Structures are given as C-alpha cells and as structure tokens.
Amino acid sequence: MGLRLDLFLFTIGILWGAVVSDLVLSKVDRRIDLRSQAVRIVSTLKVENEGSDLVSEVLLAFPDNRIKHLAYLAASPNEGKGKAKVSSNAYPVEAAQPKDVPPGLTFYSVSLPKGLGKGDSLTFDVLAVFTHTLQPFPEKITQADVQLLVFQESAHYLSPYQVKVQSLSVKLPDARIESYTRLENSKIHGSEIKYGPYENLPPFSYSPIVVHFESNEPFAVAHKLVREIEVSHWGNVQVTEHYDLVHGGAQSKGEFSRLDYQARPHVRGASAFRRLVARLPPRAHSVYYRDEIGNISTSHLWGDSKKTELEIEPRYPMFGGWKTAFTIGYGLPLHDFLFESEGKRLLNFSFGCPMNEVVIDTLIVKTLCQMVVLPEGSRDISVSAPFPVKQWQEKKISHLDVDGRPVVVLEKTNVVPEHNQYFQVYYKFNSFAMLREPLMLISGFFFFFVACILYTHADLSISKSSASYLAKMQWDEVQAAVQQVQNIVNRCLTIHDKLEASLSDLSRTGDIQGCKAARKAADGSLKELIKELKPLLSFLQSSQQAAQILPKVEELVAKEKDLQERLMAKHGAVVDCYEKKYGGREIENRVAQQQQKITALRHEVDDLLEIIDEI
C-alpha cells in the first residue's frame, strides 16, 4: 500500500512540478516529538524563489486522513533554537484550494511577511500538533503490562515543491523501542531516531515509516470540559472548571489489584496516571477540588508571585478506559484581568485547559466550552480570539438579578496546550449599576422592618361582641358537645364488648350466675350513660350552629339504642338456653338472626362515628 501511494504521489509530482516550479525547498529539517499524547511536528523550511515572478505565499500539504486530527497549525520566523513556539509574529495560515491539486490532500497557505523575488530565500518554522494519532498496540493490556504505541509518518516531507535536502528526527519518551522502519540513512541515538539527509526529492515524495515504542505518559483526555469565568466588579473573578476525564490509552483488561498497585505502583501500574498538575494564574485563592461525592483531599497547592500550581489526585488510579469527573474552582483578583480600553471594559483571560497533560476530545459533543459571565447591565459585548471559535450569548439568572447576567460562550473542539492563549471580551458597563443590588438589599430590609413595626403595633384581634366571634364561640360549644356524645357512645360500645365477652366465658365455663351478674352491671352502666346523654342532646337540639350535624348525632344515638336492645335480647336468650341445657348448635341457630342484625348495626354505628369526625 505504501509503495502504491509513493508511486501515485511521484506521478502527481511530475505533473504538478511545472505549476509550482518557481519555489524550491532548499532545506527541510523536521522534528517529531512523541513524548506526549499530542504529536508535535516542527518543520523548519528554507524556501527559495528560482523563478522571475514575485511569490507571497507557501503551500503546506497534509493527507486528508490526518486533517481530522490536526489540532493546531502555525508558522513563525525561525529563531534558530530548534524549537518552534507560539509567537506574536506568526505568519497568517489559512485553508487553501489551489487548482488542479491531487486528490486525498488538504492544503494550507502561509502568507509571507514580504514577497520573495528572484533568488530570494526565507527560513521559517511550521508547528503542527495532532491528537489521537498515536495508536495503542496491543489495544488491551493488563495491570502489569507496559503501554506500547504505534506511530505512522513519512520519512520524506510531503510538499508540492521540490526538496533539495531534508532530514527527519523522531524524539521518543524512552530508549525502549520495539521496532521501527529501517531506511537508507536511518539510525538511532538513544531515544531518538534519525532519517536522512535525503537529497533532490521530487514534489509529493512519500516514504512511509512506522515506529512501535513504549510510552507510559499520561493519556488524559477530557471528553468534556466546561470553564465558567464569572466577573464581579466588586474585585473578584471566579473560575469554575468541570472535567469529564478518561484515560485514552490502551484499554485495561483483567482484574485490578489494589494491593499489587500500592506495593509496586511503577511496575503494577506503569500505564496508569495518578496525578495531574493544573498551572493556575498567580495570586489564585479559595481553591477547591471536588466531585459529586464531596471534597477530595488528595491535592496539594503551592505558589508564589509568578505562578500557582495545584497537584490533584483522582480517587483511584486511572488505567486505560477508566473515567472520572471532578470540579476545580478558584478566585482571582479582578485588577489582574480587567482593564479599560477606549471607553470599554476589557477582560483579558487565557483560553484552554490549565493542565498541559490533558487533551480535549475532538467530538463536537465533547468540547471545551468557555462561559464568561459578565455583570448584570453589561452591553455592547464583543469578543476577540486568536483562533476561530464558535460563540454565542446567553442569560444567567443569579441572586438579586432582575434581567439576568449576559453570558458569552466560546466553544472549540480538539484543544491542545498551544491554544492556551489570551482572548479578550469587550463590553460597556455603567458603574452606578453596581449599586443596584446593595440598594435592593437595603430596601428589602427597610420594608421588612417597617412591616414588623406595623404588625406589632396593630390590633388584629376579633372583638368579643362581634357576630363572627359569637358564632365561633357557639360552634366551639357545639363541637365540645358532639365530642362528649361520641365519647359516651364509645363507652357504650365498650360495655357491649364486655357483654359479648361474658357470653364467651359462659360457653367456656358454663357459669350462668357470673353471666347474669355481668348483664346486671352492664344495665347499670348503660342507664348512667343515657342520663349523661340527654342534656347534651337537648343542647344540640336548641343550638342553631348544630343544625348541620344534629341529624347525624340523633341517628347515631338511635342506632346505638337499637344495638343495645338487640344485645340484651341476645344475651337473655343465650342464658335461657344454657339454663334449659340446650346444645351449642341449637343455641347458635336461635340467635343467628339477631347476630346478623347486631353485626350490621355495629358497622352502621362505626360509620356514623367516622362521618361525624369528618364534619
């Protein structure tokens, strides 16, 4: 496959050469850094114009299957130190679509600071950062295994121009290399593989190489990171960062042994990472680190006037495929980040993640989202970012807000540490608006105390001579009388239960005299209760307030009286049968009809008691 691609690009290079033959790359020096999960490729290009026309841009070519992993691309003047950095003097880089280009390639154009005339040359650096290009092989490992990665690239610099001399060096995290593609002029120096120099390479020259090496560097990938930056003109900037983190390296298989890990963490957990370091702005205060369970105490904070570093440890070591979620929050002094410019307020803050080891995932639903919450009353809001971002505005309702606070949302996918650059939010804000919330609090407390004073001095009691007060008193008397009637009825029902119990004792012991004595005592108690009931019924019948409840009370008394008579009749019949020495079944047949009526009456009495309670 690599040979076919090489021949294909070589053929295209011959056809393409006549179009761009004015430019030649007289020297190309590429340095690939594989010491972290983000692959950084620095290419130092010396461009010469061998034609007569003025040239103001240089084309860069990338295979289409690599573009989706391209996180950052920048061109800057060569400083001669062997390492490209994010520079304020960077050359503009834009996507390009030149005519008659070969398929399968994507082009970008670098705008030069000044055009190159015939014989002129310029040396500059190109920094390309790729994510998710290092593939674990094997894809699944046990706790005791080390992590092995595979990287694929071309030993020749892929370019639409002829390359006179080029070299390549691949920097690895360790000297332990499983295998690599051996080509002409390839050699190893410790943890570095060198290819070249190669001379007189035609346009689109391609020579595939594969490097299989050991790397146990942290593969921390944030599926979702939300940073909320809340500005308070009372002197504070509050930053809250919500992380959904996963170990994106080789997946862990088999069982996990905490004992083995604690005994030999560098052997039985070589592929896991235990801690991350967040580099916060200087003078950060009120720092916290927590998750859904609560505060996480495994963190360390130190700093000085130039920096603040927070070292955090998840609740468990992170092996391949394991996930965790947590929140980091801290406050910052406002005067370090908020300024005034041309009549507007200017918030100058850094974009990206404060942890250099973390890469933000490329999926659109797994993004890094910057939310800048401005004070209520801010207007004429605009944003200036050093790279393209998706942005929109929202509203956030907080305490004591009326209209809500404007929120500027910046969204970007595939974020790497090179994106940790400053962006600016411009807005107008009236200083008098700061007094809105204090005045609301003062007014609220003032009206509250005035209401308390009026309440304590006002007489809200009801007059004892008023009709409503008298009606209430009469209703209370009616309720008391009804309650007494209910108590008397309940006592009668208790006596009925005792009569039934005496019949049960009679059937068990045959004591007729004891049963007659129980009935005589019940008769006396019931007569006393009836005497207590008569004046209560007379009061309810004479009270207008009892008109609604009186029918139910009278029905209750009548049902209880009927129940009492039938119980006495049953009791007398059973005792008479025992005196005549009838059998048990014959006694049951004689009182069966009365027992049915007694049971029905008892249910009716219980239902009436519940209805009266509800009324």
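Rules used throughout
Residues numbered from 1 in each chain as written. Predicted model: local features only at pLDDT ≥ 70, side-chain atom pairs only at ≥ 80, totals over all residues. Heavy atoms only, no water. UniProt positions renumbered as here; feature names shortened; annotations may be inferred. Helix = DSSP H or I, 4+ residues; strand = E, 2+ residues; numbered from the N terminus. Buried < 20%, exposed > 50% of the residue type's maximum accessible area, 1.4 Å probe, protein only. Contact = heavy atoms within 4.5 Å. Areas by Shrake-Rupley, 256 points an atom, 1.4 Å probe, with all protein chains shown as cover. Lys, Arg positive; Asp, Glu negative; His and termini not counted. Charge placed at Lys NZ, Arg CZ, Asp CG, Glu CD. Salt bridge = Lys/Arg side-chain N within 4 Å of Asp/Glu carboxyl O. Axes fitted to C-alpha atoms, helices over the stretch in contact; angles between N-to-C directions. Parallel < 35°, antiparallel > 145°, perpendicular 65-115°, else oblique. Left-handed = near helix turned anticlockwise from the far one by under 90°. Nonpolar A, V, L, I, M, F, W, Y, C, P; charged D, E, K, R; others polar. Pairing = 2+ DSSP bridges. Core = buried A, V, L, I, M, F, W, Y, C linked by side-chain atoms within 4.5 Å. Polar contact = N/O pair within 3.5 Å; in protein donor to acceptor, adjacent residues only side chain to side chain. Patch = residues over 30% accessible without salt bridge, like charges linked within 9 Å, V, L, I, M, F, W, Y side chains within 5 Å. Phe/Tyr/Trp six-rings, centres within 6.5 Å; stacked < 30°, edge-to-face > 60°. Expected span 1.5 Å × (residues − 1).

For the protein chain, the name recorded in an unreviewed UniProt entry is Dolichyl-diphosphooligosaccharide--protein glycosyltransferase subunit 1, with Ziziphus jujuba var. spinosa as its organism. Among the UniProt annotations of the protein chain, the heading Subunit (unreviewed entry) holds the following wording: "Component of the oligosaccharyltransferase (OST) complex." Note on the protein chain: under the UniProt heading Pathway (unreviewed entry), the record states "Protein modification; protein glycosylation."

Brief notes about the overall build of the protein chain
Of the regular secondary structure elements, the protein chain holds 8 helices and 31 strands. For the protein chain, with 615 residues in total, the buried portion stands at 44%. Restricting to contacts in the protein chain with at least 6 residues of sequence separation, those with at least 24 account for 77%. About 32,700 Å² of surface is accessible on the protein chain, with carbon and sulfur atoms providing 52% of the total. For the protein chain, the distance from the average position of its 70 positive side-chain charges to the average position of its 74 negative side-chain charges is 2 Å.

Comments concerning the pattern of salt bridges
In the structure shown here, the tally under the stated rule is 28 salt bridges. Residue arginine 275 pairs with glutamate 313 through a salt bridge whose shortest N-O separation is 3.5 Å. Highlighted residues: arginine 275 in the loop between α3 (258-263) and β19 (276-280) and glutamate 313 in the loop between β22 (308-312) and β23 (323-333), separated in sequence by 38 residues. Here aspartate 505 and arginine 508 are joined by a salt bridge, their closest N and O atoms 2.8 Å apart. On the criterion of helical spacing, the pair formed by aspartate 505 and arginine 508 is a turn pair, its members being 3 residues apart in helix α5 (residues 467-509). Of the residues examined, aspartate 505 reaches a relative accessible area of 34% and is grouped as partly exposed. The structure contains a network of salt bridges with shared partners spanning Arg30, Arg66 and Glu153.

With respect to the packing of α5 against helix α7 (residues 550-579)
Relative to each other, α5 and α7 sit at 15°, their axes nearing to 11 Å. Between α5 and α7, the angle is such that the two are roughly parallel. Considering only the axes of α5 and α7, their crossing is left-handed. Residue composition of the contact of α5 with α7, grouped by class: 17 nonpolar, 5 polar and 3 charged.

Observations regarding the pairing of strand β7 (residues 121-130)
In terms of residue burial, β7 counts as a mostly covered element, since 8 of its 10 residues are buried. As paired strands, strand β4 (residues 70-77) and β7 are joined by 7 bridges and run antiparallel to one another. Each residue of the ladder has a partner; that of alanine 74, found in β7, is leucine 127.

A few points about the UniProt feature "coiled-coil region" (unreviewed entry) in the protein chain
Mapped onto the present numbering, the UniProt feature "coiled-coil region" (unreviewed entry) falls on residues 584-611. Strand forms 0% of residues 584-611 and helix 100%; the C-alpha atoms that close the span are 38 Å apart.

Comments concerning the nonpolar core
Inside soluble globular proteins, nonpolar side chains tend to come together where they are buried. Core analysis: the biggest nonpolar cluster contains 53 residues, and Leu34, Leu60 and Phe124 have the highest contact counts within it. Apart from residues no more than four positions distant in its own chain, phenylalanine 124 is found in contact with Ser43, Thr44, Leu45, Val47, Val58, Ala75, Ser76, Pro77, Asn78, Tyr91, Val110 and Leu112. If you look at the next biggest cluster of nonpolar residues, it comprises 46 residues, including Leu276, Ala284, Ile360 and Tyr427.

As for the side chain of serine 502
Looking at the element boundaries, serine 502 is found in helix α5. Residue serine 502 is classed as buried on the basis of its relative accessible area, which comes to 8%. At a separation of 3.3 Å, a polar atom in the side chain of serine 502 contacts the side chain of histidine 571. Beyond its immediate sequence surroundings of up to four residues, serine 502 is in contact with Cys515, Ala518 and His571.

Quick word on the sheet that holds strand β15 (residues 208-214)
Pairing in this open sheet of 4 strands is antiparallel, and the strands run β8-β10-β15-β12 from one edge to the other. Of all the strands in the sheet, just β8 (135-136) and β12 (177-180) have a single pairing partner and so form its edges. Strand direction decides the pairing type here: strand β10 (residues 148-154) and β15, joined by 7 bridges, are antiparallel. Across the sheet, residue glutamate 153 finds its bridge partner in β15, namely isoleucine 209.

What to know about a negative patch on the surface
On the surface, Asp607, Glu610, Asp613 and Glu614 cluster together into a patch of negative charge. Turning to its location among the elements, glutamate 614 is positioned in helix α8 (residues 584-614). A relative accessible area of 70% means that glutamate 614 is categorised as exposed.

Quick notes on the packing of aromatic side chains
The geometry of two aromatic rings is summed up by the distance between their centres and the angle between their planes. What the rule picks out here adds up to 17 aromatic pairs. For the ring pair phenylalanine 351 and phenylalanine 387, a centre distance of 5.3 Å and an interplane angle of 75° mean the geometry is edge-to-face. Residue phenylalanine 351 is located in the loop between β25 (344-350) and β26 (358-360), and its partner phenylalanine 387 is located in the loop between β28 (379-384) and β29 (390-396); the two are separated by 36 residues in the primary sequence. Grouping residues by exposure puts phenylalanine 351 and phenylalanine 387 together as buried.

Considering the environment of leucine 280
If you trace the backbone, leucine 280 turns up in strand β19. Accessibility expressed as a relative area gives 4% for leucine 280, which makes it buried. In this structure, the C-alpha to C-alpha distance between leucine 280 and cysteine 353, residues 73 residues apart in sequence, is 9.7 Å. Excluding residues within four positions of it along the chain, leucine 280 makes contact with Val287, Lys307, Thr308, Leu310, Tyr330 and Pro354.

A look at α7
Think of an α-helix as turning once every 3.6 residues; residues three or four places apart then point the same way. Helix length check: α7 (30 residues) gives 44 Å between terminal C-alpha atoms against 44 Å at 1.5 Å per residue, within 8%. Lysine 581, located one to two residues past α7, shows a positive phi value of around 60°.

Quick word on the UniProt feature "transmembrane region" (unreviewed entry) in the protein chain
The UniProt feature table records "transmembrane region" (unreviewed entry) at residues 438-458. The distance from the first to the last C-alpha atom of residues 438-458 is 30 Å, and the span holds 95% helix and 0% strand.

Here's the deal with a positive patch on the surface
Side chains of Lys527, Lys531, Lys534 and Lys561 sit close together on the surface and give a patch of like positive charge. Among the elements that make up the positive patch, the one with the highest residue count is helix α6 (residues 512-542) (3 residues). A relative accessible area of 56% places lysine 534 in the exposed class.

Digging into the sheet that holds strand β24 (residues 338-341)
Strand order in the open sheet formed by 4 strands is β24-β25-β31-β28, with antiparallel pairing between adjacent strands. At either margin of the open sheet sits one strand with a lone partner, and together these are β24 and β28. Each strand of the sheet is rotated relative to its neighbour by a mean of 25°, with strand direction disregarded. Where β24 meets β25, 4 bridges bridge the pair, whose relative direction is antiparallel. Of the residues in β25, the one forming a bridge with leucine 338 is leucine 347.

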